[in-house]
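# Coordinate inspection notes
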Amino acid sequence: MTDQETDRDESPLGLVFGALLLRLWLGMRALQTGLEKYAGTKATDQAVNIDGTPNTYGLSATTTVKHYALENYHGLPKALASKFEAEPLMSKAMLPLFDKLLGPAMILLGIAILLGIAQRVSLFFLGLLFTSLTWGLILIKQDDGVSWLATHLLLVVAALALAPHNRFTVLRKW
Amino acid sequence: MNEPSVISRRDFLAKAGIGAGLVLGAPGMLRAATPGASDKIHIALIGMGKQGRVLFEAMANIPGLHFQAVCDIWGYNLKGGVAKVRALQGHTPNGYTDIDDLLAKEKGLDAAVIATPDFWHSPHTVKCLDAGLHVYCEKMMAHTIEAAREMVRAMERSGKLCQIGHQRRSNPRYRFTRERLIDGERICGRIINANGQWNRSLRASQDIAFNKKLAIDPAVLNRYGFKDMHQFMNWRTYRDLSGGPISDLGAHQIDIFNWFFGIAPKRVYASGGNDYFKDREHFDNVMCIFDYDTPQGGARAFYQVLTTTSAGGGFWESFMGTEGTIKISEIASNSAIYREDGAPPWDALVDRGLLRRQPAPPKPPPSADAVASYESAAPEVFELPGGFNKPAHQPHLENFFSAVRGEATLHCDARHAFESEAPIFWVNPSAHSRAPIELTPEHLAV
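Below or above, wherever it landed, is the structure these notes cover. Bear in mind the structure is a predicted one, so any value in this text is a computation, not a measurement.

### Things to note about the pairing of strand 11 (residues 315-321) of chain B
All names here are of chain B.
- Burial within strand 11 is extensive, with six of its seven residues counted as buried.
- Bridge analysis of strand 11 against strand 12 (residues 324-328) gives four bridges, and the strand direction is antiparallel. Bridge assignment links Phe319 to a residue of strand 12, and that residue is Ile326.

So this is what it looks like as structure tokens:
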């Protein structure tokens with residue numbers, strides 16, 4: 001019998017559920033955050049109806065629809081990116097790379113955590129990502145954001161602690 | 001008491017316009033059919049200063065246009081204009097510094113778009129019409145009424161189209177308001193009073209500076225009617241070159257008074273002065289009142305143009321009637337429609353999609369002020385059912401090019417523009433003489 005099988009057998013149901021819930025929460029958080037970086041809005045004008053038919057004057061109402069596309073990609077919010085650029089400790093070469101990788105990394109880690117692929121390694125990298133973001137926010141004195149990310153980091157740590165009780169995984173190793 | 005209107009627009013125009021031969025409310029007598037619907041319209045751009053560029057940016061969105069030639073006496077504007085055209089259509093248009101040279105050399109042109117200083121509008125328009133081109137010319141038609149008359153005569157002599165750039169005439173919001181709400185639904189009841197203003201800030205009214213390295217040769221400036229470079233850059237402030245703020249800014253909105261009333265005023269009183277810009281030839285602060293005899297009775301319109309202060313909502317026009325008031329502006333957020341307390345409800349108009357109701361503002365707390373007891377109940381506020389997302393001049397240019405293709409009639413041909421602009425030419429004389437001017441056919445007719 002392996003150690004892992006021992007863990008599984010001895011896991012109380014509460015801890016199993018706790019591990020699952022944290023996995024779901026963190027996976028969803030990472031995946032959707034990554035997907036949102038591809039979100040944009042598309043405005044369409046439609047002729048307004050008068051007496052039940054589209055008017056002939058050219059009066060229109062604008063409808064804004066959210067949509068996802070590769071060309072919408074924005075890693076770091078523009079307002080933050082320009083502040084990071086002005087920081088002397090921020091590497092000017094690494095910032096664009098981080099900007100490009102942030103969205104895909106969030107998506108990959110989110111999928112890995114949701115499916116249970118190398119759970120501990122995935123959580124560790126997600127924690128690193130949150131830590132890197134925290135460092136940026138410390139530089140530009142966004143204390144609220146730092147606290148917000150610290151909460152996320154605590155959840156990652158809790159998920160790592162509950163990893164032995166994890167179930168329904170694709171790759172349980174690592 | 002509500003007074004139902006029983007006079008149709010046709011009757012109204014027939015009765016009101018007899019004296020001066022006016023048909024202010026029914027523009028668009030002309031259409032052409034030079035190029036086929038699928039052919040490109042070949043255009044000469046005459047004047048590529050600030051307004052020329054505004055028109056070009058609007059035309060850039062209109063399919064089927066070919067910018068064949070660009071003309072400006074200033075090399076800086078010419079170079080910039082050529083570059084803009086090249087960037088849009090991928091090849092370089094022919095550049096000219098003289099319009100006569102352009103008209104002599106360019107073959108196959110269909111139309112000219114003129115955005116030169118006001119005192120050049122008439123000579124340039126007449127030259128282009130006589131050369132067989134359709135013309136879109138910026139407003140104000142000219143700096144003198146006689147020069148404006150020449151434009152009408154040239155249009156009618158040549159049989160070509162001549163649209164004047166009163167772009168609100170093609171604005172969907174203005175057209176809808178006039179045709180469906182004021183004329184169609186008589187939403188204002190009887191219109192008694194119109195108001196309009198253009199309050200422009202001091203910063204926006206300063207003289208335009210220029211880079212001395214780019215100055216035009218004085219001999220060239222003199223040849224084209226400018227004393228010096230300052231006059232070239234600031235022609236709007238000189239009496240021989242323009243009509244000043246009442247013409248430059250006021251023409252847009254006084255045109256709306258005349259267009260919406262469908263009749264020319266019978267009298268103008270004006271006051272004006274150099275209250276801030278002491279050295280300018282034109283008044284910087286002008287107020288004027290136009291008296292109208294509409295078939296429903298008397299109406300008065302007040303207009304002010306101010307070049308020191310933008311407060312007070314910038315620019316807008318309003319039409320105040322017994323049942324409602326329409327405040328309209330090119331800026332949608334400056335527009336609103338108010339139903340008078342006691343007027344018939346407008347719920348049916350909202351249901352049909354003709355109006356949208358705005359949320360009611362919060363009620364102010366009860367006041368112990370004795371004056372409050374004399375106040376009327378606050379009117380309900382509505383808005384137009386939609387807007388449009390195009391540069392302000394684009395619909396008017398679209399109308400012009402559609403007319404060139406024979407697919408539409410002009411919204412503001414030179415004759416109708418003249419009939420609407422003619423009263424504006426009498427504002428400055430009234431302000432100078434400090435006396436009202438009775439507007440007769442002699443003042444208003446071509």
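So, next bit.
### Here's the deal with the interface of chain B and chain A
- Facing the 14 residues of chain B at the interface are 10 residues of chain A.
- Summing both partners gives a buried area of about 1000 Å² for chain B against chain A, and 51% of it is carried by carbon and sulfur.
- On inspection of chain B and its partner chain A, the count reaches two salt bridges.
- With its nearest N and O atoms 2.6 Å apart, the salt bridge here joins Asp51 of chain A to Arg352 of chain B.
- Taken together, the connections running from chain B to chain A amount to six residue pairs in polar contact (both at pLDDT 80 or more).
- The element best represented in the side of chain B that touches chain A is helix 7 (residues 172-184) of chain B, accounting for six residues.

### Quick notes on the packing of helix 2 (residues 13-36) of chain A against helix 4 (residues 94-115) of chain A
Residue and element names in this part refer to chain A.
- Orientation of helix 2 relative to helix 4, taken along the N-to-C sense of each, is 155 degrees, at an axis distance of 7 Å. When the axes of helix 2 and helix 4 are compared, the pair comes out roughly antiparallel. Judged by the twist between their axes, the crossing of helix 2 over helix 4 is left-handed. Along its contact with helix 2, which presents Arg23, Leu24, Gly27, Met28, Ala30, Leu31, Thr33, Gly34 and Leu35, the element helix 4 presents Gly103, Met106, Ile107, Gly110, Ile111, Ile113, Leu114 and Leu115.
- Within the contact of helix 2 with helix 4, the residues separate by chemical class into 11 nonpolar, five polar and one charged.

### Thoughts on the packing of helix 2 (residues 50-59) of chain B against helix 13 (residues 394-404) of chain B
Residue and element names in this part refer to chain B.
- Closest axis-to-axis distance for the helix 2/helix 13 pair is 9 Å, and the angle between their directions is 70 degrees. Between helix 2 and helix 13, the angle is such that the two are roughly perpendicular. Pair helix 2 / helix 13 crosses with right-handed handedness. The residues of helix 13 that touch helix 2, namely those facing Leu55, Ala58 and Met59, are Gln394, Leu397 and Phe401.
- In terms of residue class, the contact of helix 2 with helix 13 is made up of five nonpolar, one polar and no charged.

### Focus: the sheet that holds strand 11 of chain B
Residue and element names in this part refer to chain B.
- Strand order in the open sheet made by the 10 strands is 14-15-13-12-11-7-10-9-8-16, with mixed pairing throughout. Only two strands of the sheet have a single partner each, and these edge strands are strand 14 (356-357) and strand 16 (437-438).
- For strand 8 (residues 267-273) and strand 9 (residues 285-294), the ladder comprises seven bridges, and the chain directions are antiparallel. The residue bridging Val268 from the neighbouring strand is Phe290, located in strand 9.
- Each of strand 7 (191-199), strand 9, strand 10 (297-306) and strand 11 is contacted by helix 11 (residues 250-261), which is oriented at about 25 degrees to strand 11, the strand it contacts most.

### So, empty space enclosed by the protein
Residue and element names in this part refer to chain A.
- In this structure the tally under the stated criterion is three cavities of 30 Å³ or more.
- Taken as a whole, the second largest cavity holds about 40 Å³ of empty space.
- Looking at the second largest cavity, the residues that line it are Ala19, Leu22, Arg23, Gln119, Leu123, Ala159, Ala163 and Asn166.
- Per element, the largest residue contribution to the lining of the second largest cavity is three residues, and it comes from helix 2.
- In terms of residue class, the lining of the second largest cavity is built from five nonpolar, two polar and one charged.

### Points about the sheet that holds strand 3 (residues 94-96) of chain B
Residue and element names in this part refer to chain B.
- Read across the sheet, six strands follow the order 3-2-1-4-5-6 without closing on themselves; strand pairing throughout is parallel. Both outer strands of the open sheet, strand 3 and strand 6 (162-164), are each paired with one neighbouring strand and no more. Neighbour-to-neighbour, the strand axes of the sheet open up by a mean angle of 20 degrees, direction not taken into account.
- As defined by bridge partners, strand 5 (residues 134-137) adjoins strand 6 across three bridges and the pair is classed as parallel. Bridge pairing links Cys137 to Ile164 in strand 6.
- Sheet strands touched by helix 13: strand 1 (41-46), strand 2 (65-71), strand 4 (111-114), strand 5 and strand 6. Its angle to strand 5, the strand with the most contacts, is close to 170 degrees.

Conventions we followed
- Residues numbered from 1 in each chain as written.
- Chains lettered and ligands numbered in written order.
- Predicted model: local features only at pLDDT ≥ 70, side-chain atom pairs only at ≥ 80, totals over all residues.
- Heavy atoms only, no water.
- Buried < 20%, exposed > 50% of the residue type's maximum accessible area, 1.4 Å probe, protein only.
- Helix = DSSP H or I, 4+ residues; strand = E, 2+ residues; numbered from the N terminus.
- Pairing = 2+ DSSP bridges.
- Contact = heavy atoms within 4.5 Å.
- Buried area = accessible area lost by both parts, 1.4 Å probe.
- Salt bridge = Lys/Arg side-chain N within 4 Å of Asp/Glu carboxyl O.
- Polar contact = N/O pair within 3.5 Å; in protein donor to acceptor, adjacent residues only side chain to side chain.
- Axes fitted to C-alpha atoms, helices over the stretch in contact; angles between N-to-C directions.
- Parallel < 35°, antiparallel > 145°, perpendicular 65-115°, else oblique.
- Left-handed = near helix turned anticlockwise from the far one by under 90°.
- Nonpolar A, V, L, I, M, F, W, Y, C, P; charged D, E, K, R; others polar.
- 1 Å grid on protein atoms, 1.4 Å probe; cavity = no way out; pocket = protein on both sides within 12 Å on 5 of 7 lines; lining within 4 Å.
- Points joined across faces, edges and corners; volume = space filled by probe spheres on them.

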